[in-house]
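Below are the chains, spelled out letter by letter.
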Amino acid sequence: LRMCSGGGLASRWGTGRWHLLEAVSPPLLCVTFHDVEHVLRLDEPGRGPPGCELVAKRRLSSEKSLLQDVGSPAYQSALDPRTPPCCPTRGWPCPGAGRNSLA
């Protein structure tokens, strides 16, 4: 993923949008492309190599964005740092890529 200024996103799956939710620690990065929202928990600095894990995924054609579902159990679960990832897929910075790129 290449995060561009103004919330734009470029990825191998197409273009999209991103939003950083800093109200929680570690912060959450919401990325959306092809009408699917992916909520990524960023690894805490100093706890090993940087990366992220997927904590929620929503098809926006049939579900509200997590950002529009504030107060729901799913939103509260995503904010909880103890919530396990929803799948084993992890992201990590790409060596040699721009400083705002994740694999």
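Refer to the preceding data block for the structure.
Residues numbered from 1 in each chain as written. Predicted model: local features only at pLDDT ≥ 70, side-chain atom pairs only at ≥ 80, totals over all residues. Heavy atoms only, no water.

(A) Quick peek at the packing of aromatic side chains. The final tally for this structure, using the stated rule, is 1 aromatic pair. Seen from their ring centres, tryptophan 13 and phenylalanine 33 are 5.4 Å apart, and the 5 degrees between their planes marks the pair as stacked. Taken as a pair, tryptophan 13 in the loop between β2 (8-11) and β3 (14-21) and phenylalanine 33 in strand β4 (residues 28-33) lie far apart in primary sequence, 20 residues in all. (Phe/Tyr/Trp six-rings, centres within 6.5 Å; stacked < 30°, edge-to-face > 60°. Helix = DSSP H or I, 4+ residues; strand = E, 2+ residues; numbered from the N terminus.)

(B) Here's a closer look at the pattern of salt bridges. One pass over the structure, following the stated rule, counts 3 salt bridges. Of the charged contacts, one joins arginine 58 and aspartate 69 as a salt bridge, the two residues approaching to 3.2 Å between their closest N and O atoms. With arginine 58 in strand β6 (residues 52-59) and aspartate 69 in the loop between β6 and α1 (73-79), this pair connects stretches of sequence that are 11 residues apart. Classification of arginine 58 as buried rests on a relative accessible area of 10%. For aspartate 69, a relative accessible area of 18% corresponds to the buried category. Residue aspartate 80 pairs with arginine 82 through a salt bridge whose shortest N-O separation is 3.0 Å. The class for aspartate 80 is partly exposed, based on a relative accessible area of 22%. (Salt bridge = Lys/Arg side-chain N within 4 Å of Asp/Glu carboxyl O. Buried < 20%, exposed > 50% of the residue type's maximum accessible area, 1.4 Å probe, protein only.)

(C) Seen up close, the side chain of serine 65. Its location among the elements puts serine 65 in the loop between β6 and α1. Only 3.1 Å separates the side chain of serine 65 from the backbone nitrogen of leucine 67, close enough to count as a polar contact. Ignoring any residue separated from it by four or fewer positions in sequence, one finds serine 65 in contact with Glu37, Arg58 and Leu60. (Polar contact = N/O pair within 3.5 Å; in protein donor to acceptor, adjacent residues only side chain to side chain. Contact = heavy atoms within 4.5 Å.)

(D) Spatial organisation of the nonpolar core. Counting residues in each nonpolar core, the largest one holds 10 residues, listed as Leu21, Val24, Leu28, Cys30, Val39, Val55, Ala56, Leu66, Tyr75 and Ala78. Elements represented by at least two residues in this core include exactly β4, β6 and α1. Counting residues in each nonpolar core, the second largest holds 9 residues, with Leu1, Phe33, Cys52 and Leu54 among its members. (Core = buried A, V, L, I, M, F, W, Y, C linked by side-chain atoms within 4.5 Å.)

(E) The sheet that holds β4, seen in detail. The sheet built from 7 strands is open, its strands ordered β1-β2-β3-β4-β5-β6-β7 with antiparallel pairing. Taken across any chain shown, the strands that pair with only one partner, and hence form the sheet edges, are β1 (2-3) and β7 (90-91). As paired strands, β1 and β2 are joined by 2 bridges and run antiparallel to one another. What sits directly across from methionine 3, in β2, is leucine 9. (Pairing = 2+ DSSP bridges.)

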